[in-house]
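An overview of the molecular structure
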Amino acid sequence: MSPRVLSSETREPERRARRVPGADVFVREGVLHAATDHADAGLSECQEVMGLLVGRVYEDGSGMYAEVTGIVTGDLDAGSAEVRFDKDSFEALADSIDSMDGGDSIVGWYHSHLGAGCALSETDVRTQRALFREFGYAMVVDPVRGELSVHMSADGGTRQATMVVLD
Ligand SMILES: [Zn+2]
């Protein structure tokens with residue numbers, strides 16, 4: 001299910017120094033609101049939610065990074081402790097992102113945990129590897145605990161990403 005994601009991902013990154021040295025990812029405040037609103041809506045139905053992070057990829061002397069400017073989601077196959085995209089929904093999303101103008105691409109995914117905190121599960125790490133082997137982010141929102149964290153692909157695994165929130 002990942003080829004379209006990978007094709008979006010391989011867009012050549014623009015060279016630009018990051019605004020804050022040491023930051024791994026820049027996220028617009030509106031993206032955080034949208035993701036947490038989505039997680040809250042899921043919580044009210046006792047369901048996890050998920051979606052894709054859309055933005056721009058840049059590169060500087062410290063490597064690749066992204067600015068996350070939006071989220072997209074679609075029909076989900078969800079329960080209280082698992083969530084996945086409906087297959088048709090995922091392909092429709094990937095198509096709609098591929099056809100966007102202006103250099104936006106898929107830079108990661110987000111999903112919610114209902115009370116388990118924001119660490120990635122083993123399944124999450126496998127999903128991250130499958131979708132974003134070289135580069136990409138996994139945002140996790142826990143609407144029960146009121147927590148949010150971002151992880152990123154690193155050295156074949158994942159690590160916590162340092163996030164800077166943009167207005
Ligand atoms: Zn998870």
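Along every chain, residues carry numbers that run from 1 in the direction the sequence is written. Note on the predicted model: pLDDT of at least 70 is required for a residue's local features to be given, and 80 or more for side-chain atom pairs to be given and counted; whole-chain, interface and lining totals, by contrast, use all residues. By convention in this description, side-chain values take in all heavy atoms of the structure and omit both hydrogens and water.

1. A look at the nonpolar core
- Take the buried residues of types Ala, Val, Leu, Ile, Met, Phe, Trp, Tyr and Cys, join any two whose side-chain atoms come within 4.5 Å, and each joined set is a nonpolar core. Each residue gets one of three labels from its accessible area relative to the maximum for its type: buried under 20%, exposed over 50%, partly exposed in between, using a 1.4 Å probe on protein chains only. Among the nonpolar cores identified, the biggest contains 26 residues, and Val25, Val27, Leu53, Val68, Tyr137 and Met139 are the most heavily contacted of them.
- Elements that contribute at least two residues to this core include exactly β2 (25-28), α2 (29-44), β3 (50-60), β4 (63-72), β7 (105-112), β8 (137-142), β9 (147-154) and β11 (163-166).
- Helix and strand labels come from DSSP, where a helix needs a run of H or I of at least four residues and a strand needs a run of E of at least two; each type is numbered from the N terminus. Tallying contributions element by element places α2 first for this core, with four residues.
- Here Met139 is in contact with Val27, Leu32, Ala35, Leu53, Trp109, Tyr110, His111, Leu148, Ser149 and Val150, once residues within four sequence places are set aside.
- Val72, Leu93, Cys118 and Val140 belong to the second-largest nonpolar core, a separate cluster that totals 18 residues. Any two residues having at least one pair of non-hydrogen atoms within 4.5 Å are treated as being in contact.

2. Considerations on the pairing of β3
- Burial analysis of β3 places nine of its 11 residues in the buried class, which makes it a mostly covered element.
- In this analysis, strands are considered paired if DSSP registers two or more bridges between them. Summarising the sheet, strand β1 (residues 14-15) and β3 pair through two bridges and their orientation is parallel. Among the inter-strand pairings, Glu14 is bridged to a residue of β3, identified as Tyr58.
- In this sheet, β7 lies alongside β3 in antiparallel orientation, the contact comprising six bridges. Along β7, the bridge assignment pairs Gly51 with Tyr110.
- As paired elements, β3 and β4 share nine bridges and run antiparallel to each other. When the sheet's bridge partners are listed, Val57 is paired in β4 with Ala66.
- From the end of β3 to the start of β4, which pair antiparallel, there are two residues.

3. With respect to the coordination of the zinc ion
- The donor definition counts N, O and S atoms within 2.8 Å of each metal and applies 3.2 Å to Na, K and Ca; water is not among these atoms, so some sites may look incomplete. Binding of the zinc ion to the protein goes through His111 (NE2), His113 (NE2), Asp124 (OD) and Asp124 (OD), at separations of 2.0 to 2.6 Å.
- For a four-donor site, all angles between 85 and 135 degrees give tetrahedral; for four or six donors, opposite pairs above 155 degrees with the remaining angles between 65 and 115 give square planar or octahedral; all remaining cases count as irregular. Here the zinc ion is ringed by four donor atoms whose angles at the metal span 56 to 159°, and the overall shape comes out irregular.
- On the basis of relative accessible area, His113 is assigned to the buried category, the value being 8%.
- When its relative accessible area of 8% is taken as the criterion, Asp124 is described as buried.

4. Brief notes about the pairing of β11
- Along β11, the buried face is formed by Val164 and Leu166; none of Met163 and Val165, which line the opposite face, is buried.
- Taken together, the four bridges between β2 and β11 define a ladder with parallel strand orientation. In the sheet register, Phe26 faces β11, and the bridge partner there is Val164.

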